[in-house]
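Tertiary structure, described
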Amino acid sequence: RGVPRFHGDRVGAMPKLLLASAVLASASAYQLGTPAGRAPRAAPPPRMQEAATDFGLAPGQKYGPTAPAHQVIKPWSNLETQEGVQIIKAASNDLRQPLLDDMGNDEITVSKDSIHILKHHGSYMQQNRDLKKKSDREASYQFMLRLKVPCGEVPGALYRELDELSNKYGQGDLRATTRQAFQLHGVLKGNLKTVIATIANVGSNTYGGCGDINRNVMTPAVCFPNNPAYVAAQDYSKALADLFRPMTEAFNEIWLDGEKAATVEYWQKDIAKFDLDKIRTYDNGHGIITGHPVEPIYGRTYLPKKFKMAITVPGDNSVDLYINDVGAVVIMEPDGKTVKGFNVVVGGGMGRTHRKEETFARAADHLGFVKEADFFECMKAIVAAQRDHGNREVRSSARLKYLVHTLGVDGFRSLVEKYMGKPMEPWAPLPQWKYLDWMGWHEQGDGKLMLGINVECGRISDTPSLRLKSCLRTLVDNYGVDLLLTPSQSIVLRNVQPAQKFDVEAVLREHGVKLIDEVDAITRKSIACPAFPLCGLAMTEAERVQPQINARLNAKLREMGMANDDFVTRTTGCPNGCARPYMAEIAFVGSGPNVYQLWLGGSPDQAERTGVATSIFKMPLTDLESTVEPIFAMWRSQRNAPNEALGDFCHRVGVPTVEAFMESYTEGGYKTMAPAFPPIHTGSDAPMATVGVAPDLLTKVEQEAKARGMSAGALLDAIVREALEG
């Protein structure tokens, strides 16, 4: 890692730039290569087209990437050049242009520059890559909309509206994302304004669903209104979503004809107590507030790249806390009723590029603890540090994780403390993390129930065998339920009356929706990104092959007598990591058509580490079974405890050791390898009494026992004991 090199004489130049920026307000003072208060140097030969473009501060703005409030040595300066998206944002007039003009023409697409601005409004332009003819693909341009729904809360009324919109203007389905939001696909440009306006007028929005700003804030998908810690996590998540929303009026001007939405966002009632307008503009005098007339925190060019946050409670890692740019853990006072403060993690992120080792997946570091009274200022300080110092020269290195990695967590903490104007406290001890998904029935604590239902790959649609979309609409219309979207692409129905429990189950079965005890553990713990046909970055399939992968992994485990084992598995169509594959125990990352890079060793609780890439870079999907068999065989025969998870095993022995075993393994070799821990049989295999069992049932019992590495008698004994004793 060493001491990063610094360009030219920047160490001496930047303090002068900072000093001058406090007194010079004209935009010309912040031109590229012209530090404020200094005569322009001879312009170096342009390295890129944008090298002659203004990306400095706006009139009146004091702090930003070309004039940081505090100095740190890093290998990029953001002064001489910035990558293209930064130039587009700088010229956009606070996220208006050229999108405003493009939305006024009759083209079915928007311009290249507008694509980047449109993301900040919550939409991506896509085309159907399944179409083989270029002319057909060019005629298939459409738009995906991503809602921003803090905590994944989707009131029944919003779901009803989205259901209608997807049928009328989309492709007839919805998709639950890995960040607790809904995506609506297939919207044509001519309908985009109608759809966005409708969503806004029902009390939701899309701005901030994408773009170089704070994205949807994640929280455990639960409804525990009488649990102060969970309530605090949800309230503060909503508060952060509002605190870091873009303040520009561009959204209203483009999509609502300059008017305010007909309905206030439904989560505003929960955060009125915070007075966020005051918190947003409060200036502690340490460089957080930019001086920009519209965006007090973000400034002219917003953040270098996407920014992700999550808040949870001790022990509950349903949010994949360590993949976020910033994560927070609610710490309660001993009375269990009062919020003491928050543990804070920084620098997580999944995106990387194949064969470019300077890009990497990273689990967040423990930054420290802040008291509740300092929490918002700490979050503002972290955002300001990334705003001023994040890499705007190379987009693939723009996320906060690269700044934290470059400075080290101690160096980054020191920087944040300068913006805060006070030190952070040491990390508060926490219990062990657990990966929770909140599936099945749970009591809310207010006399009502919530029910988690598994949604494989997050796709909410109707097929002949599974009519999930219609099912949810029936439950919303007839039973008054609201939805919570989970970080694992599934759904929790909340506010179910106990008297309606069995009616709700009947509706689910009528529509082909399985209850959680009917869903195998591999499927339950798997997620995948959409990939083909609409994602422009996809190298191969993900969502459309994940069910097949799950079935084949299950079949291989059963064949090996390991049906009682399971693990977290994830599949993506490219290395950008939208489905968080690098945290999985075993993951398949698209590296080309029908081939995947194999990753191993993530934590079963998604805690504090990533997995490791194996040397298997292009595994054909047809080789899935022959690839995983030796891994499972080694795990089965060499684990150090009956419950040692696959990810923990691979992490303990190391991926090189696993690969050496794979190299020497012969197909079917597991049959001669004794399991390290044979299944513990309840009772004796010798019959104490005889019980009549129908021949066909006995055959099934014997098959299931073999799949679990047990005798038929032991399995029957376990089944009966569980049924009678619970």
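Residues numbered from 1 in each chain as written. Predicted model: local features only at pLDDT ≥ 70, side-chain atom pairs only at ≥ 80, totals over all residues. Heavy atoms only, no water.

Topic: the layout of surface pockets
Its volume calculated, the second largest pocket comes out at about 710 Å³. Of all elements in the fold, only α9 (250–255), α10 (268–271) and α11 (276–281) reach the threshold of two or more residues within the lining of the second largest pocket. When residues of the lining of the second largest pocket are assigned to their parent elements, the largest contribution, three residues, is made by α9. (1 Å grid on protein atoms, 1.4 Å probe; cavity = no way out; pocket = protein on both sides within 12 Å on 5 of 7 lines; lining within 4 Å. Points joined across faces, edges and corners; volume = space filled by probe spheres on them. Helix = DSSP H or I, 4+ residues; strand = E, 2+ residues; numbered from the N terminus.)

Points about the pattern of salt bridges
One pass over the full model with this rule turns up 44 salt bridges. Its salt-bridge partner being D212, residue K89 comes within 2.8 Å of it at the nearest N-O pair. Taken together, the positions of K89 in helix α2 (residues 84–90) and D212 in the loop between α7 (189–201) and α8 (228–243) put the pair 123 residues apart, joining distant regions of the chain. Accessibility expressed as a relative area gives 1% for K89, which makes it buried. The exposure class assigned to D212 is buried, which follows from its relative accessible area of 3%. Here R708 ties to E704 by a salt bridge, and the two come within 2.4 Å at their closest N and O atoms. E704 sits in the partly exposed class, given a relative accessible area of 28%. The network of salt bridges with common partners includes R160, D163, E164, K469, R473 and D477. (Salt bridge = Lys/Arg side-chain N within 4 Å of Asp/Glu carboxyl O. Buried < 20%, exposed > 50% of the residue type's maximum accessible area, 1.4 Å probe, protein only.)

Thoughts on the packing of aromatic side chains
Taken as a whole and judged by the stated rule, the model has 21 aromatic pairs. Ring geometry for Y236 and F274: centres 4.9 Å apart, planes at 50°, overall tilted. With Y236 in helix α8 and F274 in the loop between α10 and α11, this pair connects stretches of sequence that are 38 residues apart. Each of the two residues, Y236 as well as F274, counts as buried. Ring plane angle 35° and centroid distance 5.4 Å describe the contact between Y236 and F376, whose orientation is recorded as tilted. Taken as a pair, Y236 in helix α8 and F376 in helix α12 (residues 375–389) lie far apart in primary sequence, 140 residues in all. Here Y236 matches F376 in class, with each residue buried. Through a chain of ring-to-ring contacts, three or more aromatic side chains come together here, namely Y236, F274, F342, F375 and F376. Over the aromatic face of F617 sits the side chain of R355, whose NZ or CZ is 3.9 Å from the ring centroid. Sitting above the plane of the W635 ring, R639 keeps its charged end 4.7 Å from the centroid. (Phe/Tyr/Trp six-rings, centres within 6.5 Å; stacked < 30°, edge-to-face > 60°. Lys NZ or Arg CZ within 6 Å of the ring centre and 35° of its normal.)

Some words on the nonpolar core
F182, L240, F375, F376, I382, F412 and L493 are the most contacted members of the largest nonpolar core, which totals 130 residues. Formed by 31 residues, the second largest nonpolar core is a distinct cluster that contains L624, C650, V658 and Y670. (Core = buried A, V, L, I, M, F, W, Y, C linked by side-chain atoms within 4.5 Å.)

Structural notes on the packing of helix α18 (residues 624–638) against helix α19 (residues 646–653)
Interaxial distance between α18 and α19 falls to 10 Å at its minimum, and their mutual angle equals 85°. Classified by the angle their axes make, α18 and α19 are roughly perpendicular. Residue-level contacts link I631, F632, M634, W635 and Q638 of α18 to L646, F649, C650, R652 and V653 of α19. (Axes fitted to C-alpha atoms, helices over the stretch in contact; angles between N-to-C directions. Parallel < 35°, antiparallel > 145°, perpendicular 65-115°, else oblique. Contact = heavy atoms within 4.5 Å.)

A word on the pairing of strand β10 (residues 440–443)
Across four bridges, the pairing between β10 and strand β11 (residues 449–453) is antiparallel. Along β11, the bridge assignment pairs G440 with G452. Connecting the antiparallel pair β10 and β11 is a turn made up of five residues, with G445 showing a positive phi of about 95°. (Pairing = 2+ DSSP bridges.)

Structural notes on a nonpolar patch on the surface
On the surface, I719, V720 and L724 cluster together into a nonpolar patch covering about 310 Å² of accessible area. Within the secondary structure, L724 sits in helix α22 (residues 712–725). (Patch = residues over 30% accessible without salt bridge, like charges linked within 9 Å, V, L, I, M, F, W, Y side chains within 5 Å. Areas by Shrake-Rupley, 256 points an atom, 1.4 Å probe, with all protein chains shown as cover.)

Here's the deal with the side chain of R399
The residue R399 is located in the loop between α12 and α13 (400–420) in this model. The exposure class assigned to R399 is buried, which follows from its relative accessible area of 8%. Of note is the side chain of R399, whose polar atom sits 3.4 Å from the backbone oxygen of K306. If we ignore the near neighbours within four places in the chain, the residues touching R399 are K305, K306, K308, I323, D325, G348, G349 and Q386. (Polar contact = N/O pair within 3.5 Å; in protein donor to acceptor, adjacent residues only side chain to side chain.)

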